[in-house]
Amino acid sequence: MESAHLKAFADAEEMEISFGPQHPSTHGVLRLMVKVDGERILDVKPIIGYLHRGTEKLFERETYNGCIPHTDRMDYTAAVTNNQGLVGAVEKLMGITIPPRAAYLRMILAELQRLASHLVWLATHALDIGAQTPYFYCFEERDKILDLFEEYCGARLTTNCMRVGGMPFELTAGWTDRCRAFIDQFPAKVADWERILTKNRIWRERTVGVGVISAADAIEWGLTGPPLRGSGVRWDIRKVFPYDRYDEVEFDIPIGTNGDTYDRYLVRMEEMRQSVRIIRQCLERLPEGPVMAKVPKVIKPPKGEVYFSVEAPKGELGYYLVSEGGDTPYRLHVRPACFINLQALPEMVRGQLVADLVAVIGTLDIVLGEIDR
Amino acid sequence: MPEPLMTYLVIPLVKIVVILLVLILGAAYLTFFERKILAYIQIRLGPNRVGPKGWLQAIADALKLFVKEDLTPARSEKFVFLLAPVLIIVPALLVFAVIPFGPSDIWRLTDINVALLFVLGVSSVGIYGIILGGWSSNNKYSLMGGLRSAAQLISYEVPMGFAVVTVVVMAGSLSLVRIVEVQRELGVWFFLPGIVALFVYFVCGVAETNRNPFDLPEAESELVGGFHTEYSGMKWAFFFLGEYANMIVISAMATVLFFGGWLPPFPNLLEPLWTSSALAWVPPPFWFLLKVAAFIFLYMWFRGTFPRYRFDQLMRLGWKVLLPVSLANLMVVALGVLMLGERS
């Protein structure tokens, strides 16, 4: 009896480890059941729901403009693009065209938000791989962006900075100058971080060939955003279904070739440069005029349904809106980028080492607020 | 007091107490310096609230650790759990028995003719602390951390040994005092002929102390706290002190073996300067500590710069790069010594 028990213990090669929900490497409250053989990962099972707040149900009892603050709290590192998707969906259903100034303002804020979100990604990704210092450099820059947000709408994180039909506020005096000053110094900072990481031998060893997903697999899993583009698929909602005035500005879609963590890193770094390029063009062309279209006091979209998506920093963020003609949505479903990207995690880390798991979680850039909603 | 009692008991005891106090205080203050240096690398200010400019931070940390609740997990192996931190700290401190801080007998506790073997042997015991600590905690993260460091320490011990042997070949002695003396007599510090050995030694040293970029056993993002996940209070502080004491050991050994120990810079070229009245009062340990501090700064600089290696990459580096390099270097140096024929 005793020896049989001991033998079973000695033969057991698999071990189950629970990563999270309170683990230093799982961003937010993600929990992973990891089955390992020594250091090698046999299987991973993500367990989610620790941050579920019933956002989609809450939408159903809020007015359309009242839904916007709830979207802030989904992907809380990219509130602006969340707002953008929601108001875009309602405007599409109502057939509203927003004034050009509002569209350009939305693009400027959304691209700033993309920078801020990518900065959080880079900071935590590098920290997970053991490089502490970039974290502080990134957060310094992010703080400057949040200062710009704060000046525009009073909030730094949960911006609530768009309304159905346009933008709620005019820019404060001198905002464009401060924004230009920020983007003028920003590319040099990106070059700095690249100097710490891109050619760093350890960084490359930790990321090249880690968490590989082929282009075909990435499409099968429904990946969007940098994880998809890192595999070499040129797909960006801003290009394929342009919204606001993205068809009027010039920018490139960076893509990777190998679909590994390193390529996704390069893609995001290049996206930051492209975002700066977009912001610069928008600031140059920013038209004068009103920031709000003529919309009724009470937003009542006609009966019908619509799907509208934007390119959020993490991937395609879609809103599927069903209206019964009332002042609240009948159903408002969110197509979250992070939730769908996360599903590929087990596929990407199976057979790799525990250390790669944290690298891949970092490279997927997930936010649990959006996964659980 | 009779003479033997004085020489064999009182004086050594006083020296031991002084060394221990300086060492433990030094290790505690290293945490403060590390936080300051890292902070300046990372555009922060670092601790600056406790005492003038934050200088009492280390004391405050120590006090905090003293009064913290000392938890022992219910299902842990109690005795081994208690033993592990002791096994970490004691070897680290023991090494300083043979490290010469200066030329005369006052500046060292003892000088044994196999000091180098003593250092290698004693410091290897520290591995047990980590393995046992990881195992006895009865925690999966701790176990994995313990296994990682066991593998890491064993594989880096070997190239490190070869790097040290190069110095022995050059010096013809295992006594640390003698090694420094030889460097003075030859007029050249061993880091010049042994530059490869120095490189191998220091890389291994960083790995041995579980410091970035080889800090896998305590990789926070993967294994929470690694082998000391379950430790708290003073037991945890022992692990912490042990880590810093080991950093001092590695740095001190590097100074003695490769950088002429207590000798001032360019001892022969600039001899008139060092013996001049302006500088003759500088005690030799000053130079020793200066060199040690430089190495320790290097440690902290690493931590502010590098990402972390992965387990398999670390093993590959140890066995496939450092080991062959150190072996080849040993052969080259040995041949050189043979041909120059200065010491056989």
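**Notes on the overall build of chain A**
Link 1 in the chain: Scanning chain A for helices and strands turns up 16 helices and six strands.
Link 2 in the chain: Its C-alpha radius of gyration of 22 Å places chain A within 12% of the 21 Å reference for a compact globule of 373 residues.
Link 3 in the chain: With respect to the principal axes defined by its C-alpha atoms, chain A has extents near 80 × 50 × 35 Å.
Link 4 in the chain: The buried share of chain A, reckoned over its 373 residues, is 50%.
Link 5 in the chain: By sequence separation, contacts in chain A at least 24 residues apart represent 70% of the contacts at least 6 residues apart.

**Remarks on the overall build of chain B**
Link 1 in the chain: Of regular secondary structure, chain B possesses twelve helices and zero strands.
Link 2 in the chain: When its helices and strands are written in sequence order, chain B yields α-α-α-α-α-α-α-α-α-α-α-α.
Link 3 in the chain: Along the first, second and third principal axes, the C-alpha set of chain B runs to 60 × 50 × 50 Å.
Link 4 in the chain: Residue burial in chain B is summarised as follows: out of 344 residues, 44% are buried.
Link 5 in the chain: When contacts within chain B are restricted to residue pairs at least 6 apart in sequence, long-range pairs at least 24 apart make up 80% of them.

**Observations regarding the nonpolar core**
Link 1 in the chain: Ranked by size, the top nonpolar core spans 186 residues in total, and within it Val-90 of chain A together with Tyr-201 of chain B carry the most contacts.
Link 2 in the chain: Considering every element that reaches this core, the biggest residue donor is helix 5 (residues 100-128) of chain A, with 18 residues.
Link 3 in the chain: Among all residues touching Tyr-201 of chain B, those that are not within four sequence positions of it are Met-160, Ala-163, Val-164 and Ala-254 of chain B.

**Re helix 5 of chain A**
All names here are of chain A.
Link 1 in the chain: The terminal C-alpha atoms of helix 5 lie 42 Å apart, and with 29 residues this matches the ideal 42 Å at 1.5 Å per residue to within 8%.
Link 2 in the chain: The element helix 5 is largely enclosed, with a buried count of 27 among its 29 residues.
Link 3 in the chain: Looking at the residues trailing helix 5, positive phi occurs at Gly-130, about 105°.

**Looking at the sheet that holds strand 6 (residues 331-335) of chain A**
Residues and elements named next belong to chain A.
Link 1 in the chain: Strand order in the open sheet formed by three strands is 4-5-6, and the pairing between neighbours is antiparallel. Each of the sheet's edge strands pairs with one partner strand only, and the pair in question is strand 4 (304-312) and strand 6. Pairs of neighbouring strands in the sheet enclose a mean axial angle of 15°, with direction left out of account.
Link 2 in the chain: Where strand 4 meets strand 5 (residues 315-323), nine bridges bridge the pair, whose relative direction is antiparallel.

**Observations regarding the sheet that holds strand 2 (residues 31-37) of chain A**
Residue and element names in this part refer to chain A.
Link 1 in the chain: The strand order across the open sheet built from three strands is 1-2-3, with neighbouring strands paired in antiparallel fashion. A single partner strand is all that each edge strand has here, and the edge strands are strand 1 (14-19) and strand 3 (40-47). Between one strand and the next, the sheet's axes are offset by a mean angle of 20°, whatever the strand orientation.
Link 2 in the chain: Of the pairings in the sheet, the one linking strand 2 to strand 3 comprises seven bridges and is antiparallel in character. By the bridge assignment, Leu-32 is partnered in strand 3 with Pro-46.

**A look at the interface of chain B and chain A**
Link 1 in the chain: Taken together, the 22 residues of chain B in the interface contact 26 residues of chain A.
Link 2 in the chain: Across the side of chain B that touches chain A, the residue classes tally to nine nonpolar, six polar and seven charged.

**Looking at the pairing of strand 5 of chain A**
Link 1 in the chain: Sheet topology note: the strand 5 of chain A/strand 6 of chain A ladder contains five bridges and is antiparallel. Looking at strand 6 of chain A, one finds that Val-322 of chain A is bridged to Arg-331 of chain A.

**So, the packing of helix 5 (residues 140-171) of chain B against helix 12 (residues 311-340) of chain B**
Residue and element names in this part refer to chain B.
Link 1 in the chain: Orientation of helix 5 relative to helix 12, taken along the N-to-C sense of each, is 10°, at an axis distance of 9 Å. Classified by the angle between their axes, helix 5 and helix 12 sit roughly parallel to one another.
Link 2 in the chain: Of the residues that constitute the contact of helix 5 with helix 12, the class distribution is 20 nonpolar, six polar and one charged.

**Description of the domain arrangement of chain B**
One widely used convention gives an interface's size as the accessible area the parts lose upon coming together.
Residues and elements named next belong to chain B.
Link 1 in the chain: When the domains of chain B are assigned, the result is domain 1 (1-67) and domain 2 (74-340).
Link 2 in the chain: Between the C-alpha centres of domain 1 and domain 2 there is a distance of 19 Å.
Link 3 in the chain: On the side of domain 2, 16 residues touch domain 1, which itself brings 18 residues to the contact.
Link 4 in the chain: Considering each element in turn, the side of domain 1 that touches domain 2 owes the most residues, 15 residues, to helix 1 (residues 3-41).

**A look at the environment of Arg-142 of chain A**
Residue and element names in this part refer to chain A.
Link 1 in the chain: Relative to the elements of secondary structure, Arg-142 occurs in helix 6 (residues 133-153).
Link 2 in the chain: You can call Arg-142 buried: it has 20 C-beta atoms within 10 Å.
Link 3 in the chain: Once the C-alpha coordinates of Arg-142 and Ala-78 are considered, the two residues, 64 residues apart in sequence, prove to be 12 Å apart.
Link 4 in the chain: Non-local contacts of Arg-142, meaning those with residues more than four positions away in its chain, are made with Ala-116, Leu-119 and Val-120.

**Focus on the confidence of the model for chain B**
Link 1 in the chain: Summary statistics for chain B give a mean pLDDT of 81 and a share of 93% for residues scoring 70 or more.
Link 2 in the chain: The complex model carries a pTM of 0.82, and its ipTM stands at 0.75.

Parameters and conventions
Residues numbered from 1 in each chain as written. Chains lettered and ligands numbered in written order. Predicted model: local features only at pLDDT ≥ 70, side-chain atom pairs only at ≥ 80, totals over all residues. Helix = DSSP H or I, 4+ residues; strand = E, 2+ residues; numbered from the N terminus. Rg over C-alpha atoms; globule rule 2.2 N^0.38 Å. Buried ≥ 20, exposed ≤ 12 C-beta atoms within 10 Å, placed from the backbone. Contact = placed C-beta atoms within 7 Å. Core = buried A, V, L, I, M, F, W, Y, C linked by C-beta atoms within 7 Å. Expected span 1.5 Å × (residues − 1). Pairing = 2+ DSSP bridges. Axes fitted to C-alpha atoms, helices over the stretch in contact; angles between N-to-C directions. Nonpolar A, V, L, I, M, F, W, Y, C, P; charged D, E, K, R; others polar. Parallel < 35°, antiparallel > 145°, perpendicular 65-115°, else oblique. Domains from an automatic or database assignment. pLDDT = per-residue confidence, 0-100.

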